[in-house]
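Residue-level structural notes
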Amino acid sequence: MTGNPRNLVDEYEINPFTMIILPEDYGSKIYSRIIELEEEYVSPFRPIDLIKKSCSYFGSSYEGRKEGTKQLTGITHKTPIIIDPISSIYFMPTSSPTKPDCIWVSHEHVLFHRKVDSQSTQVTFRNKKTIVLPVSHHSFENQLLRTSMLRTKFMQRMKETERKALYLLHGPKFSEVQGYSHINLVSESYKD
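Residues numbered from 1 in each chain as written. Predicted model: local features only at pLDDT ≥ 70, side-chain atom pairs only at ≥ 80, totals over all residues. Heavy atoms only, no water.

Because an α-helix packs 3.6 residues into every turn, residues spaced three or four apart end up facing the same way. For helix H2 (residues 62–73), which comprises twelve residues, the first-to-last C-alpha distance of 16 Å matches the rise-based estimate of 16 Å (1.5 Å per residue) to within 8%. Within H2, the full set of buried residues consists of Tyr62, Arg65, Thr69, Leu72 and Thr73. Axial view of H2: buried residues confined to an arc of 90 degrees, hence all on one face. Where H2 is buried, its residues touch helix H1 (47–57), strand S4 (81–84), strand S6 (104–106) and helix H3 (137–170). (Helix = DSSP H or I, 4+ residues; strand = E, 2+ residues; numbered from the N terminus. Expected span 1.5 Å × (residues − 1). Buried < 20%, exposed > 50% of the residue type's maximum accessible area, 1.4 Å probe, protein only. Arc of directions from axis to C-beta. Contact = heavy atoms within 4.5 Å.)

Now the structure itself:
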């Protein structure tokens, strides 16, 4: 284990400062190395366990978050996850989450990335920290794009819901004043 034993934590929830969660062998077990903007921790739980626990902490199950991603995007494999939509915490796996070598990366913190070789990608985070991940550049870029699509679809859904609520509160004049008169703001079930 390469982490500092002083930074061993029993409890950890993913938060807006969490950049990446890496699996780390510790004897016969797999721990997690958690890198935040300014801190680094080691947890005795596997990365997938931290993801699941954090989904629960923010009011949903991991399976519920996966199903939500599927409903919004159609993505069913290597599913990016919304940990907390209010804080904009979106994480993407580098491989199948069931594999012990799966790394979870915060979409928000990726500044840029570049190909190292056919099976490695160098990722630079917002704090300028750089790490080489054992994942092909194509696969990493694909996961970034899939997570961007999830973010976009989720934000579109939230805006649509907001427009519908404002229409219901303020009536048809709202849509004309706000420049939405050309957009069908409400479904047929709301029309009388």
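Moving on, we come to the pattern of salt bridges. Under the counting rule described, the total for this entry stands at seven salt bridges. For Arg33, the salt bridge identified is with Glu24, shortest N-O distance 3.1 Å. In this pair, the class of Arg33 matches that of Glu24, namely buried. Two residues, Arg46 and Asp49, come together in a salt bridge whose shortest N-O distance is 3.0 Å. Accessibility expressed as a relative area gives 25% for Asp49, which makes it partly exposed. Connected through shared salt-bridge partners, Glu11, Glu13 and Lys53 make up one network. (Salt bridge = Lys/Arg side-chain N within 4 Å of Asp/Glu carboxyl O.)

Looking now at H1. Within H1, burial applies to Pro47, Ile48, Leu50, Ile51, Ser54 and Cys55. What you see down the axis of H1 is that its buried residues fit within an arc of 160 degrees, all on one side.

Let us look at the nonpolar core. Ile14, Ile21, Ile51, Ile83, Phe91 and Trp104 are the most contacted members of the largest nonpolar core, which has 17 residues in total. For this core, the secondary-structure elements that each account for two or more residues are H1, S4 and strand S5 (89–93). When residues no more than four places from it in sequence are discounted, the contact partners of Ile83 are Ile14, Ile51, Ser54, Cys55, Phe58, Arg65, Ile89 and Phe91. Ranked by size, the runner-up nonpolar core spans 15 residues in total, among them Met92, Val105, Val123 and Leu144. (Core = buried A, V, L, I, M, F, W, Y, C linked by side-chain atoms within 4.5 Å.)

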